[in-house]
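# An overview of the molecular structure
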Amino acid sequence: MQSMPDVSPAKWHLAHTTWFFETFVLKKWVSAYQPAVPEYAYLFNSYYNAAGDMHRRDLRGLISRPTVDETRLYRASVNAHVSELIEGATDELLGDLEPIITLGIHHEQQHQELMLTDIKHVFAQNPLHPVFRKTSITARKSPSTIRFHEFDEQIVEIGHRDAGFSYDNEGPAHRALVLPFAIASRPVTNSEYMAFMDDDGYKRAELWLSLGWMTVNEQRWEAPLYWQRRDGKWWQFTLSGLRPVEPAEPVTHISYFEADAYANWVGARLPTEFEWERVATAQPMDGNFVEDEHFHPQPCDNDSGENIAQLFGDVWEWTRSSYSPYPGYRAGPGALGEYNGKFMCNQYVLRGGSCATSRTHIRPTYRNFFQPEKRWQFTGIRLARDIE
Ligand SMILES: [Fe+2]
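Residues numbered from 1 in each chain as written. Predicted model: local features only at pLDDT ≥ 70, side-chain atom pairs only at ≥ 80, totals over all residues. Heavy atoms only, no water.

### So, the coordination of the iron ion
- Donor atoms from the polypeptide that coordinate the iron ion comprise His16 (NE2), His107 (NE2) and His111 (NE2), at 2.1 to 2.2 Å from the metal.
- Positions of the donor residues of the iron ion, expressed as sequence spacing, correspond to H-x90-H-x3-H. Highlighted residues: His16 in helix α1 (residues 10–29) and His107 in helix α4 (residues 91–124), separated in sequence by 91 residues. (Donors = N, O, S within 2.8 Å, 3.2 Å for Na, K, Ca; no water. Helix = DSSP H or I, 4+ residues; strand = E, 2+ residues; numbered from the N terminus.)

So, in structure tokens, the structure goes:
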């Protein structure tokens, strides 16, 4: 099913991640390779113009064929061919294949995350409130008041520089001047966000960016995505079904506009991506990731006030940085050069991963990006402040 243009059917994700290996590995390196169904090249290309024409994104939900079984056969066949290629490869060929296969695996992790958020959006349309996975919820006391940790002015090393995998948008590594700032000890909770709602946050133009105010009014937003009022109480749809909003959990399914308006309301702002990276580089990379199988952000349980908690996992944190190229960035040649570079316009950077992200997918230098009105990812709010 496809519930909106941003959502792709689960079957499409399965086929598209397979198409990636077929297109960029098999068609390139196996001279005798014959695709069983040549039309899949058109159907399962997402946005790579250099790889040929593609089917319309907003019509993916109308593709009832291939069936799920046929899609699994396609996947099994491409897997078998890729395995055969790797097993028979010389060291030289392996050297050429390794970067593309590694990219293909990271690409697949991104689509695994999208499958969860897309299934959630599809299920949310169903008045039966389907449960993707039953999980037990333990009510917890709200974490202690947010504390702001201060950092001096510094020239900071930004971007990916070690030997492991990274996307091209994480480089080139470079230095950036970061002025004195303070950052919050944890993300904003549902109870804190409800205070903004109760104070008519959604009705006060002075708190909103112009484009955000237009969007709030057009879309008639009065709460985060998936929230609904029942008998005077707020409920939220989760991958475990419909349940009362848990006050101690980080607020999620928030647009950039809402994150910015909330920050204005409390007299703070969102962090820049450089501030965020400076702080996160010095923190352990633990958190609530998809492997924990909560499929939902969890209350902060590491909240001494001395530390900066939950930078990784739980919710993607909106930054106030536009998604733009680092100094010296140039997209690579060919179709794979389209992976990141061509989206560097009209989007904002998010950092840290979410409860739907694979633990091995995220890094302190990782840059996710979405348009400011998008809400269907597990996005949340971390506050920052200027200091003298
Ligand atoms: Fe993709």
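### Section: unusual backbone geometry
- The omega torsion across Arg65 and Pro66 is 5°, close enough to zero to call that bond cis.
- Mapped onto the fold, Pro66 is located in the loop between α2 (40–43) and α3 (68–87).
- Of note, the bond from Gly171 into Pro172 is cis; its omega dihedral lies within 30 degrees of zero at -5°.
- The phi dihedral of Tyr226 is positive, around 80°, even though this residue is not glycine.
- Within the fold, Tyr226 resides in the loop between α6 (210–219) and β5 (227–230).
- Tyr226 sits in the buried class, given a relative accessible area of 8%.
- Here the phi dihedral of Gln310 falls at roughly 60°; this positive angle occurs in a residue that is not glycine.
- With respect to the helices and strands, Gln310 occurs in the loop between α8 (273–281) and β8 (316–322). (Buried < 20%, exposed > 50% of the residue type's maximum accessible area, 1.4 Å probe, protein only.)

### A short note on the side chain of Glu170
- Tracing the chain through its elements places Glu170 in the loop between β2 (154–158) and β3 (174–178).
- Here the side chain of Glu170 touches Tyr167 through a polar contact of 2.9 Å, landing on its backbone nitrogen.
- Of note is the side chain of Glu170, whose polar atom sits 2.7 Å from the side chain of Arg363.
- Dropping the residues within four chain positions of it, Glu170 is found in contact with Gly159, His160, Tyr326, Arg363, Thr365, Tyr366 and Arg367. (Polar contact = N/O pair within 3.5 Å; in protein donor to acceptor, adjacent residues only side chain to side chain. Contact = heavy atoms within 4.5 Å.)

### Some points on the pattern of salt bridges
- The tally for this structure, following the rule as stated, stands at 21 salt bridges.
- Of the charged contacts, one joins Arg56 and Asp58 as a salt bridge, the two residues approaching to 2.8 Å between their closest N and O atoms.
- Between Lys374 and Glu373 there is a salt bridge whose closest N-O contact spans 3.7 Å.
- According to the relative accessible area criterion, Lys374 is buried, its value standing at 16%.
- We classify Glu373 as partly exposed; its relative accessible area is 32%.
- Through salt bridges with shared partners, one network takes in Glu273, Glu277, Arg351 and Arg367. (Salt bridge = Lys/Arg side-chain N within 4 Å of Asp/Glu carboxyl O.)

### Side note on a nonpolar patch on the surface
- A contiguous nonpolar patch, built from Ile155, Leu177 and Leu179 and spanning about 310 Å² of accessible area, is present on the exposed surface.
- Mapping Leu177 onto the fold places it in strand β3.
- With a relative accessible area of 55%, Leu177 lands in the exposed category. (Patch = residues over 30% accessible without salt bridge, like charges linked within 9 Å, V, L, I, M, F, W, Y side chains within 5 Å. Areas by Shrake-Rupley, 256 points an atom, 1.4 Å probe, with all protein chains shown as cover.)

### Let's talk about the sheet that holds strand β9 (residues 348–351)
- If you trace the four strands from one edge of the open sheet to the other, you get β10-β9-β8-β11, paired in mixed fashion. What marks the edges here is a single partner per strand, and that holds for β10 (368–370) and β11 (379–380).
- Two elements, β9 and β10, share three bridges in a ladder whose sense is antiparallel. Among the inter-strand pairings, Val349 is bridged to a residue of β10, identified as Phe369. (Pairing = 2+ DSSP bridges.)

### Topic: the packing of helix α5 (residues 190–198) against helix α7 (residues 256–265)
- Here α5 crosses α7 at 80°, and the two axes come no closer than 11 Å. With respect to each other, α5 and α7 are oriented roughly perpendicular. Where α5 approaches α7, its residues Glu192, Tyr193, Ala195 and Phe196 are matched on the opposing element by Glu258, Ala261, Tyr262 and Trp265.
- For the contact of α5 with α7, a count of residues per class yields six nonpolar, no polar and two charged. (Axes fitted to C-alpha atoms, helices over the stretch in contact; angles between N-to-C directions. Parallel < 35°, antiparallel > 145°, perpendicular 65-115°, else oblique. Nonpolar A, V, L, I, M, F, W, Y, C, P; charged D, E, K, R; others polar.)

### Some details on the nonpolar core
- One finds Tyr193, Phe196, Met197 and Ile381 to be the most contacted residues of the largest nonpolar core, which totals 81 residues.
- With residues near it in sequence (within four places) discarded, Tyr193 still touches Val188, Tyr202, Pro224, Val251, Ile254, Glu258, Tyr262 and Ile381.
- Judged by nonpolar contacts, the second largest core, of seven residues, contains Leu239, Val290, Cys355 and Phe378. (Core = buried A, V, L, I, M, F, W, Y, C linked by side-chain atoms within 4.5 Å.)

Purely geometric stuff here, so don't read any function into it on its own.
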